[in-house]
Amino acid sequence: MPDAPRPAPKPVIALMGEFSAGKSTLANLLICEGRSPTQVTATQLPPVWYSYGSGDPYVMGLDGNRTQITEAQIADVSIDATSYIKVYLETDILELFDIMDMPGNSDPNMSPEVWQRAIHYADGVIWCSHATQAWRQSEAGAWEELPERLRDWSLLLLTRWDKILSERDRARVLARVQKEAGPLFREVFPISLIEALGSGDDRDRWIASGAEAFVTALLDIVMSLDGQARAQNAAAGPVARRPVYKLNQEAPEAPDALPETVAPLAAPQPAGAAPAAGVIPRRVEAKADSPRPRPPRGTTPRPPSPT
Ligand SMILES: Nc1nc2c(ncn2[C@@H]2O[C@H](COP(=O)(O)OP(=O)(O)OP(=O)(O)O)[C@@H](O)[C@H]2O)c(=O)[nH]1
Ligand SMILES: [Mg+2]
């Protein structure tokens, strides 16, 4: 009997950048769980790959062997012998795409192989760069080494925007980064992740943090990537299509129909309630059926997802 067809893998978005640039804080903002370990300074973690689902995490070793672990053991996983740690969460945004939280790539004690071998699984990257020292030469050098196919599907995020106080300085930093890095990314966004996490029900604060513009662009990328995967599926013949759901709604009748809108990312909270750390507090609407048609520069296929 032939194997049952496997569902198409979801797009994988890798969170990259130098040490302490805000990658894990961003992962927490996106997955709404506050589960991504931040400030892991004593030992670096291997890439942490978040997928939708339940069950225990596992470690994918460099030898290709999986080892089941508990959540409490994640912080102790050795970076040297590990390809990535897989973590399952039943959180809305992971129904749309997978997130890979990468270790900081400027640590002199860490081999660049750690992120180079994991980046092959990624369809797009969110590169986090400290706004106060944005887009250093070392970052440009590291980005240069990554596959060119990623550029049309990647965003540059200038984190800690709250640390640049004057409008004049903000404009200057943004202009320089746009000039130097703009052509290498789909878009550049300044953001205060701390402000976004703390914005609660305050919509103006959420928008002012830069989160709304960034998340809208991110969903745009994910929907475009998803459409591309669907086109590849159609070309490849009858394969199982991944059902795409409207978040918080019933699955559409046609299993391969794209949703008209994606909203909301988090259930609305009762008025006056303190937001849980890491919750995306805003309704972000993205037109899933009108992604910007920007084909990737390269068509290098990524390795099949091992899940
Ligand atoms: N003020 C401010 N602090 C931030 C912002 N983003 C992140 N931080 C803080 O920066 C520190 C490092 O953030 P992480 O998210 O752990 O950084 P990381 O890139 O995952 O770090 P490594 O994995 O160690 O490379 C934490 O204390 C965050 O709270 C921001 O936008 N504004
Ligand atoms: Mg981190």
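Refer to the structure printed above.
A brief look at the structure comes next. Predicted model, so just to flag it, every value in this text is computed and none were measured.

Conventions and cut-offs
- Residues numbered from 1 in each chain as written.
- Chains lettered and ligands numbered in written order.
- Predicted model: local features only at pLDDT ≥ 70, side-chain atom pairs only at ≥ 80, totals over all residues.
- Heavy atoms only, no water.
- Near = heavy atom within 4 Å.
- Polar contact = N/O pair within 3.5 Å; in protein donor to acceptor, adjacent residues only side chain to side chain.
- Helix = DSSP H or I, 4+ residues; strand = E, 2+ residues; numbered from the N terminus.
- Nonpolar A, V, L, I, M, F, W, Y, C, P; charged D, E, K, R; others polar.
- Buried < 20%, exposed > 50% of the residue type's maximum accessible area, 1.4 Å probe, protein only.
- Core = buried A, V, L, I, M, F, W, Y, C linked by side-chain atoms within 4.5 Å.
- Pairing = 2+ DSSP bridges.
- Contact = heavy atoms within 4.5 Å.
- Axes fitted to C-alpha atoms, helices over the stretch in contact; angles between N-to-C directions.
- Salt bridge = Lys/Arg side-chain N within 4 Å of Asp/Glu carboxyl O.
- Lys, Arg positive; Asp, Glu negative; His and termini not counted.

Describing the site of ligand 1
Taken together, 17 residues form the shell around ligand 1, and within it Lys-23, Thr-25, Arg-160, Asp-162 and Leu-193 come nearest. One nitrogen or oxygen atom from the main chain of Ser-20 is found 3.0 Å from an oxygen atom belonging to ligand 1. One nitrogen or oxygen atom from the side chain of Arg-160 is found 2.7 Å from an oxygen atom belonging to ligand 1. Sorting the residues of the shell around ligand 1 by element identifies helix H1 (23-31) and helix H5 (193-197) as the ones contributing at least two each. With three residues, the single largest contributor to the shell around ligand 1 is H1. By residue class, the composition of the shell around ligand 1 is five nonpolar, eight polar and four charged.

Overview of H1
For H1, the buried fraction is high: nine of the nine residues fall into the buried class. Along H1, the residues that are buried comprise Lys-23, Ser-24, Thr-25, Leu-26, Ala-27, Asn-28, Leu-29, Leu-30 and Ile-31. Where H1 ends, the next residue or the one after it, Cys-32, has phi of about 65°, a positive value.

Here we look at the nonpolar core
Formed by 44 residues in total, the largest nonpolar core has its most connected members in Ile-13, Leu-26, Phe-97, Ile-99, Phe-214 and Leu-218. In terms of residue count, the dominant contributor to this core is helix H7 (residues 211-236) (10 residues). Listed in part, the 36 residues of the second largest apolar core include Met-16, Leu-146, Leu-150 and Val-188.

Side note on the pairing of strand E1 (residues 12-17)
In terms of burial, E1 is largely enclosed, as six of its six residues are buried. Taking every second residue as pointing to the same face, both faces of E1 are buried, with Val-12, Ala-14 and Met-16 on one and Ile-13, Leu-15 and Gly-17 on the other. Where E1 meets strand E6 (residues 98-101), four bridges bridge the pair, whose relative direction is parallel. Bridge pairing in E6 places Val-12 opposite Asp-98. Relative to strand E7 (residues 124-130), E1 is paired through five bridges, and the arrangement is parallel. The residue of E7 that forms the bridge with Gly-17 is Cys-128.

Some thoughts on the environment of Pro-57
When you line up the elements, Pro-57 lands in the loop between strand E2 (48-52) and strand E3 (58-61). The sequence separation of Pro-57 and Leu-89 amounts to 32 residues, and the corresponding C-alpha distance is 9.5 Å. Not counting chain neighbours up to four residues away, the residues in contact with Pro-57 comprise Thr-67, Gln-68, Ile-69, Thr-70, Glu-71, Ile-74, Lys-86 and Val-87.

Remarks on the sheet that holds E1
Ordered by their spatial adjacency, nine strands build an open sheet running E4-E3-E5-E2-E6-E1-E7-E8-E9, and the pairing between neighbours is mixed. Only two strands of the sheet have a single partner each, and these edge strands are strand E4 (66-68) and strand E9 (187-190). Across this sheet, the average inter-strand angle for adjacent strands is 20°, counted without regard to direction. With three bridges joining them, E3 and E4 adopt antiparallel strand pairing.

Notes on the pattern of salt bridges
Throughout the structure, instances matching the rule amount to seven salt bridges. Arg-136 is the salt-bridge partner of Glu-18, the closest N and O atoms lying 3.0 Å from each other. In this pair, Glu-18 is assigned in the loop between E1 and H1 and Arg-136 in the loop between E7 and helix H3 (137-145), connecting sequence segments 118 residues apart. On the basis of relative accessibility, which here comes to 8%, the residue Glu-18 falls in the buried class. A relative accessible area of 35% places Arg-136 in the partly exposed class. Between Arg-176 and Glu-180 there is a salt bridge whose closest N-O contact spans 3.2 Å. Here Arg-176 and its partner Glu-180 are both found in helix H4 (residues 167-181), four residues apart, which amounts to about one turn of the helix. Residue class for Arg-176 comes out partly exposed when judged on its relative accessible area of 33%. For Glu-180, a relative accessible area of 41% corresponds to the partly exposed category.

Re unusual backbone geometry
Even without glycine at this site, Trp-135 takes up a positive phi of about 50°. Although it is not a glycine, Arg-160 sits at a positive phi angle of roughly 60°. For Arg-160, a relative accessible area of 33% translates into the label partly exposed.

As for the pairing of E3
Burial of E3 is two-sided: the residues Tyr-58 and Met-60 facing one way and the residues Val-59 and Gly-61 facing the other way are all buried. Where E3 folds back on E4, the antiparallel hairpin that results is connected by four residues, among which Gly-64 adopts a positive phi of roughly 90°. Note: E3 against strand E5 (residues 82-89), four bridges, orientation antiparallel. Looking across to E5, one finds that Val-59 is bridged to Ile-85.

Examining the side chain of Asp-98
Within the element layout of this structure, Asp-98 appears in strand E6. Buried Asp-98, no salt bridge; nearest opposite-charge side chain is Lys-86, N-O distance 4.4 Å. Here Ser-51 takes part through its side chain, which lies 2.8 Å from a polar atom of the side chain of Asp-98. In contact with Asp-98, other than residues within four places in its own chain, are Lys-10, Pro-11, Val-12, Ile-13, Trp-49, Tyr-50, Ser-51, Tyr-52 and Lys-86.

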